[in-house]
Amino acid sequence: MSDELSEAVGAAQAGDENAFRFLYRRLQPGLLRYLTALVGADAEDVASETWLQISRDLPRFAGGEFRAWTVTIARNRAMDHLRRQRRRPALPVPVQALTDLAGDADTAERAGETIGTEAALALIATLPPREAEAVLLRAVIGLDAESAGRVLGRRAGAVRTAAHRGLRRLAAMMQRQDSPPAAAPRATAPRPRAGRGRPASGSPVERADG
């Protein structure tokens, strides 16, 4: 957690309303994108419930990664909401333990830079579920693999691998979108046939009068 965020958390715990507003402005955009992936159009309502609980429980926050704490609350509120609605989450989250994969910083950076746009969020929704939520937690919320793993109850290596694979897929999809479409071949007029009353050159023969 950055020094600025850590200071704001301490001030908010002491009752500083401006510090709490700073935390809200800093974290709400990422939380809202994350919740949109989980509950769709109900994200604003779930975010409101999340911040109500954050404000109530903030005095008991005992340190650690504050963003992971807030996103855990958001995720729990989202699952409660889906249970009340008797709906399955938009991104079910069984993350399997996968072997670690060497990271490609350029790929991750290029994909991560554009996440947050509506188009990128729509692309994330097309990823396999375990990759989609890992990408959201790593690239949208900004958690490290260990913190994201604690949120999901999974190993850090599994989250790191799922996020890496998801980012690679995103980069490939964005590259395809950036590529200009191939030009369609120009249609050519069919060559006229030679037939009765029509010479091989294709010029019509005028009929004689009478």
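What counts, and where the lines are drawn
Residues numbered from 1 in each chain as written. Predicted model: local features only at pLDDT ≥ 70, side-chain atom pairs only at ≥ 80, totals over all residues. Heavy atoms only, no water. Helix = DSSP H or I, 4+ residues; strand = E, 2+ residues; numbered from the N terminus. Buried < 20%, exposed > 50% of the residue type's maximum accessible area, 1.4 Å probe, protein only. Contact = heavy atoms within 4.5 Å. Areas by Shrake-Rupley, 256 points an atom, 1.4 Å probe, with all protein chains shown as cover. Core = buried A, V, L, I, M, F, W, Y, C linked by side-chain atoms within 4.5 Å. Salt bridge = Lys/Arg side-chain N within 4 Å of Asp/Glu carboxyl O. Axes fitted to C-alpha atoms, helices over the stretch in contact; angles between N-to-C directions. Parallel < 35°, antiparallel > 145°, perpendicular 65-115°, else oblique. Left-handed = near helix turned anticlockwise from the far one by under 90°. pLDDT = per-residue confidence, 0-100. Phe/Tyr/Trp six-rings, centres within 6.5 Å; stacked < 30°, edge-to-face > 60°. 1 Å grid on protein atoms, 1.4 Å probe; cavity = no way out; pocket = protein on both sides within 12 Å on 5 of 7 lines; lining within 4 Å. Points joined across faces, edges and corners; volume = space filled by probe spheres on them.

Labelled according to an unreviewed UniProt entry, the protein appears under the name RNA polymerase sigma-70 factor (ECF subfamily), originating from Micromonospora olivasterospora.

### A closer look at the overall build of the protein
Helices and strands together make up the secondary structure of the protein, namely nine helices and zero strands. The order of helices and strands in the protein, counted from the N terminus, is α-α-α-α-α-α-α-α-α. Among the 210 residues that make up the protein, the fraction classed as buried is 38%. Sequence separation of 24 or more characterises 68% of the internal contacts of the protein that already satisfy a separation of 6 or more. Working note: accessible area of the protein is about 12800 Å², and carbon and sulfur atoms make up 49% of it.

### Brief notes about the nonpolar core
Core analysis: the largest hydrophobic core is formed by 50 residues, its most contacted members being Phe66, Val71, Ile124, Leu137, Leu143 and Leu170. A total of nine residues in this core trace back to one element, the largest contributor, which is helix α2 (residues 17–39).

### Section: the pattern of salt bridges
As enumerated under the stated definition, the model contains ten salt bridges in all. The shortest N-O distance in the salt bridge between arginine 26 and glutamate 4 comes to 3.5 Å. One end of the pair, arginine 26, is in helix α2; the other, glutamate 4, is in helix α1 (residues 3–13), and 22 residues separate them in sequence. Since its relative accessible area comes to 41%, arginine 26 is described here as partly exposed. Judged by its relative accessible area of 48%, glutamate 4 falls in the partly exposed class.

### Digging into the environment of alanine 162
Along the polypeptide, alanine 162 turns up in helix α9 (residues 156–178). Taking the C-alpha atoms as reference, alanine 162 lies 9.5 Å from proline 129; in sequence the two are 33 residues apart. The residues contacting alanine 162, other than those within four sequence positions of it, are Arg130, Glu131 and Ala134.

### Considering the packing of helix α3 (residues 43–57) against helix α4 (residues 66–85)
One way to put it is that α3 packs onto α4 with a least axis distance of 9 Å and a crossing angle of 130°. Classed by the angle they form, the pair α3 and α4 counts as oblique. Relative to α4, α3 is oriented so that their crossing is right-handed. Counted together, Val46, Glu49, Thr50, Gln53, Ile54 and Asp57 of α3 and Phe66, Trp69, Thr70, Ile73, Ala74, Arg77, Ala78, His81 and Arg84 of α4 form the full contact between these two elements.

### Brief notes about the confidence of the model for the protein
Overall, the prediction assigns the protein a mean pLDDT of 75, with 67% of residues at 70 or greater. Below a pLDDT of 50 lies the segment residues 91–116, which in the model reaches 60 contacts outside its immediate sequence neighbourhood of four places, other chains included.

### Considering the packing of aromatic side chains
Across all of its chains, the model carries five aromatic pairs by this definition. Aromatic pair phenylalanine 61 and phenylalanine 66: ring centres 5.2 Å apart, planes at 80°, arrangement edge-to-face. Relative to tryptophan 69, the ring of phenylalanine 66 lies with its centre 5.5 Å away and its plane at 35°, an arrangement referred to as tilted. A residue pair is termed a helical-turn pair when its members lie 3 or 4 positions apart in one helix, as phenylalanine 66 and tryptophan 69 do in helix α4 at three residues. Classification of phenylalanine 66 by relative accessible area gives buried; the value is 0%.

### Let's talk about the layout of surface pockets
Over the atoms rolls a probe the size of a water molecule, and in doing so it shows where empty space is left. Roughly 170 Å³ of internal volume is contained in the second largest pocket. Lining the second largest pocket are Ser2, Leu5, Arg26, Leu27, Gly30, Leu31, Arg67, Thr70, Val140 and Ile141. For the lining of the second largest pocket, the secondary structure elements donating two or more residues are α2, α4 and α7 (129–141). Counting residues per element, the lining of the second largest pocket draws most heavily on α2, at four residues.

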